[in-house]
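Chain by chain, the residues:
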Amino acid sequence: MNLSYTDSASRTSEFSPPEMSADSMEIDDSLYSRQRYVLGDSAMQQMAQSSVFLSGMGGLGVEIAKNIVLAGVKVLTLHDTKLCETWDLGSNFFLRQDDVLTQRNRALAVHPRVAELNPYVHVDTSSSSLDLSTDLCFLKRYQCVILTEARLSLQKKINDFCHFHQPPIRGNPGVVTCMDSRTHGLQTGQSVLFREVNGMVTLNGTARQVTVLSPYSFAVGDTSCLQPYAHGGYFLLVKTPRTYSFETMEQQLSEPQVLTPDFSKPEAPLQIHAAMLALDAFQEQHNRLPNIGCCQDAEVLVKLTEEAPVNSELVRCLSRTAQGSLPPLAAAVGGIASQEVLKALTGKFAPLQQWFYLDAIEVVKPLLSLSAEEFSPRGDRYDGLRACIGETMCLELHKLRVFMVGCGAIGCEMLKNFALLGVGLAKSSGEVCVTDPDLIEKSNLNRQFLFRSQHIQKPKSSTAAVATLEINPEMQVDAHLNKVCPATEGVYNDLFYSRLHLVVTALDNVEARRYVDSRSVSNQKALLDSGTMGTKGHTEIIVPNLTESYNSHRDPPEEEIPFCTLKSFPAVIEHTIQWARDKFESAFAHKPTIYNMFWQTHSSAEAVLQRMQQRETLEGAFQVVKLLSRRPSQWEHCIILARLKFDKYFKRKVTLPPPPHTHTHTDSLFWQSPKRPPSPIEFDLKDSLQLEGTIDTLLTPDCVWTTERLRMSPRMFEKDDDLNGHMDFVASASSLRARMYSIEVADRLKTKRIAGKIIPAIATATAAVAGLVSLELVKVVGGYGFESFNNCFFNLAIPVMVLTEAAPVKRTQIREDISFSIWDRWTVWGHQHFSLSDFINAVLVNYGIEPTMVVHGVKMLYVPVMPGHNKRLKLTMQKLIKPSVDRRYVDLTVSFAPEYYFSPDGDAHTA
């Protein structure tokens, strides 16, 4: 794959896209909201005015097309001269069997399915010849040119054209310490802007370059000539533009600048570079790729690399698989390449310099000893895959039974990868079971490419299942609408898990991951986890008896804002936004719910009044009476109540500040950072923010009254509906409170992200993590050893990718001859009259260790020092645990007294 780009606006007739308005478009937040938080509005506007030329509609080309159309470019031209073949069905998810039968051009075949991904993008096609004799002037019309499946000679010619075109192708220190032991998250060389620093006031409004000293402190250069620092202040990261220069492809071929993703094999990128150059030389000589399994072709390719120190085994792997296609690898590279396209169009984030090679040698290498027949074509859609992993592995994938939890952005990408890999075919008794309780929203369409506008408010799982079968009709997909949690263990029980081969998570929260992980460990099933946040992504592979589980490590809990800070001492905009969210929940959800629950308990207002006259205490009665007394009968009453609310929140309820120079008992100033003294706001009709905050948003819960007197309609906060007024309320209330405390007001977009706890997301990162996880799936199915598995972290913005070995499982030594890990299970068989004493004796007999504590979940069944627990020894386990009727077993946790033992190295150990 080769990427080039240009700024020119000249035009030719053969390839040029249609003229479209270059005026700034209004960004459709309902579609692009998650991506806006990644790229920002400026980059989105720039991208929406950019045209892209993409050549080659194979597996990699269609991945890139999908990602950049979802991102929202102005024009995309799909170019290809090849006709559809059966082989293509295994790598191009937008081709269908009819396209093969009718011998359609690949670009024309995928065009309608690419175009329907995003109505804001104009997609056209070209099937004209593109070779060394083609006049490249048509490329002046495009801002970015992408080549896949192109010979090196053509790549160099187009690269030179783009590179040399005018305009050219884009291309004594003061120490700051964070308060409350908070990390600053900066890197040396970045710049920060200071505000509200007291004492050293000349620092305010200036940008300083950072030298990181520790996670909590950094230096900002010489401050000795400035006034003494007193207190307070905060900093903002300043993103300074940087100019990058790139060598031409011709220059880079001999001395490539590469990004190394796997530091366990740092030599790999340069070796692959040399091998790929040899492969192009082979094509120039023979006008074809090496034949699958041909030893003679492999030796010719090895000979072509003799001048460079290339591992011959790597070259033979390349020779055997050169004609093949590994869809997960195409997905991963496609995601990375697509992000580079967006960088080229927008100037947002640091571009890759200049080469990136990603290999799946760990997948292919163990298969080298198999016969050539194993990789030979059979004339079906899996021939490209078979050329890489062999027939036996393909058959294992067909038989696979997978449970995928979640069907959002990652879930859609995983289903696409399953379809191309032939996972879970009906004829092979395989199955993919996917569950997700969510319905499709418009904002999903920007990343979840299996969904279209006509699918909005339909279930994600069943809709995705239908779309997946369009890619591969041979699959068996079972769609559920359930959450996977303790409440659904009757559905996803041990019998359900016993039929599975592995579990895949496509979730967006930690707690759900932890639960699925615990069920996978209990049932000894491999788990493949991945996640993204903006341009960042991670993958984690969990294999029984080989690796740690997801629950083996825990991130620190998310810090909650203290109540006193929200109520009296907001310091940053996040505090005022959370305050506004709390007010929304109280007024529009909590109080109406209490009101409705009260009238569910009490039959009529008359009965309640009679009991109150008898001086009975009725829980919730005061709140109900208060709400009834304020129930409006007409719209004007709502305005009056809203106006009163304004004074309550922004004038009368202001914390009365002591004088500015008041000191505390510790002789420090009361009002110093992060505390800010509030200023009451006088209502002013001429102030648009106050007017909007009062009339449009700060309406009391009376606006949720129904026509039925004793009924209210609670409103659950919904951030993505611009017509419901929810975000209007939060944005206005937060802005007014921020003004009270002299806090810089946030725009609606930022307020929505914080109030709705929106995770920034972009299709490029999603495609990349799904591809990387799917590569690991092949290894799990093949029963590969521990050293073959990789976890991954990447940030496409920097860009950086780090592949690491999976974390090995830890074993705890109980005694010299007994140890255990999270994957071990000690089974004790009981019966109806099996007592606690029988259980303890069984553990002692079977394992030579006497339990000192027995716990079931959070219930302590036996702790000898607890009063009355020794009497429990005679009770049956059934009476102590009270299992459900259909329960065949229960999990118990046992503890043992410490024992000393001596290991073979002569050292004493304690267990």
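Residues numbered from 1 in each chain as written. Predicted model: local features only at pLDDT ≥ 70, side-chain atom pairs only at ≥ 80, totals over all residues. Heavy atoms only, no water.

Going by an unreviewed UniProt entry, the chain carries the name Ubiquitin-activating enzyme E1 C-terminal domain-containing protein and comes from Oncorhynchus tshawytscha. As its UniProt record puts it under Pathway (unreviewed entry), the chain is described as follows: "Protein modification; protein ubiquitination." Here is the UniProt Sequence similarities (unreviewed entry) comment for the chain, exactly as written: "Belongs to the ubiquitin-activating E1 family." (UniProt positions renumbered as here; feature names shortened; annotations may be inferred.)

S.K.: Help me understand the overall build of the chain, please; the structure alone is not making it clear to me.
M.R.: When you go through the chain residue by residue, the secondary structure sums to 28 helices and 28 strands. Relative to a compact globule of 911 residues, whose C-alpha radius of gyration would be 29 Å, the chain shows 32 Å and is just as compact. Overall, the chain is about 100 × 80 × 65 Å in size when its C-alpha atoms are taken along their principal axes. Here the chain holds 911 residues, and the buried ones make up 50% of them. As displayed, the chain offers around 43,400 Å² of accessible surface, 53% of which is attributable to carbon and sulfur atoms. Counting 91 positive and 100 negative side-chain charges, the chain places the averaged centre of each group 8 Å from the other. (Helix = DSSP H or I, 4+ residues; strand = E, 2+ residues; numbered from the N terminus. Rg over C-alpha atoms; globule rule 2.2 N^0.38 Å. Buried < 20%, exposed > 50% of the residue type's maximum accessible area, 1.4 Å probe, protein only. Areas by Shrake-Rupley, 256 points an atom, 1.4 Å probe, with all protein chains shown as cover. Lys, Arg positive; Asp, Glu negative; His and termini not counted. Charge placed at Lys NZ, Arg CZ, Asp CG, Glu CD.)

S.K.: Explanation requested: the sheet that holds strand E25 (residues 859-862) in the structure shown.
M.R.: Sheets are built from strands paired through backbone hydrogen bonds, the pairs being either parallel or antiparallel. An order of E25-E24-E26 is seen for the three strands of this open sheet, with the pairing classed as antiparallel. Each edge of the open sheet is held by one strand with a lone partner, namely E25 and strand E26 (893-896). Going across the sheet, the axis of each strand differs from the next one's by a mean of 30°, ignoring polarity. Bridge analysis of strand E24 (residues 851-856) against E25 gives three bridges, and the strand direction is antiparallel. When the sheet's bridge partners are listed, Val854 is paired in E25 with Tyr862. (Pairing = 2+ DSSP bridges. Axes fitted to C-alpha atoms, helices over the stretch in contact; angles between N-to-C directions.)

S.K.: I would appreciate a short explanation of the nonpolar core in the present structure.
M.R.: Within soluble globular proteins, side chains that are nonpolar generally end up buried alongside one another. One finds Leu76, Leu78, Ile389, Phe418 and Leu502 to be the most contacted residues of the largest nonpolar core, which totals 117 residues. Ranked by residues supplied to this core, first place goes to helix H26 (residues 763-781) with twelve residues. Grouped together as the second largest cluster of nonpolar side chains are 25 residues, Ile681, Phe729, Met740 and Ile754 included. (Core = buried A, V, L, I, M, F, W, Y, C linked by side-chain atoms within 4.5 Å.)

S.K.: Can you help me understand the pattern of salt bridges in this one?
M.R.: In a structure, side chains of opposite charge can pair up when their charged atoms sit close to one another. According to the stated counting rule, one finds 43 salt bridges in the structure shown. Arg452 is paired through a salt bridge with Glu116; the nearest N and O atoms lie 3.1 Å apart. When its relative accessible area of 10% is taken as the criterion, Arg452 is described as buried. With relative accessibility at 44%, the residue Glu116 sits in the partly exposed group. (Salt bridge = Lys/Arg side-chain N within 4 Å of Asp/Glu carboxyl O.)

S.K.: I tried to follow helix H19 (residues 573-601) on my own but got confused; where do I start?
M.R.: Each turn of an α-helix holds 3.6 residues, which means side chains three or four residues apart point in the same direction. With 29 residues, H19 extends 41 Å from end C-alpha to end C-alpha; this agrees with the ideal 42 Å at 1.5 Å per step. Its axis deflected by about 40° at Ser586, H19 carries its strongest bend there. (Expected span 1.5 Å × (residues − 1). Bend = angle between axes of the 7 residues up to and from the residue.)

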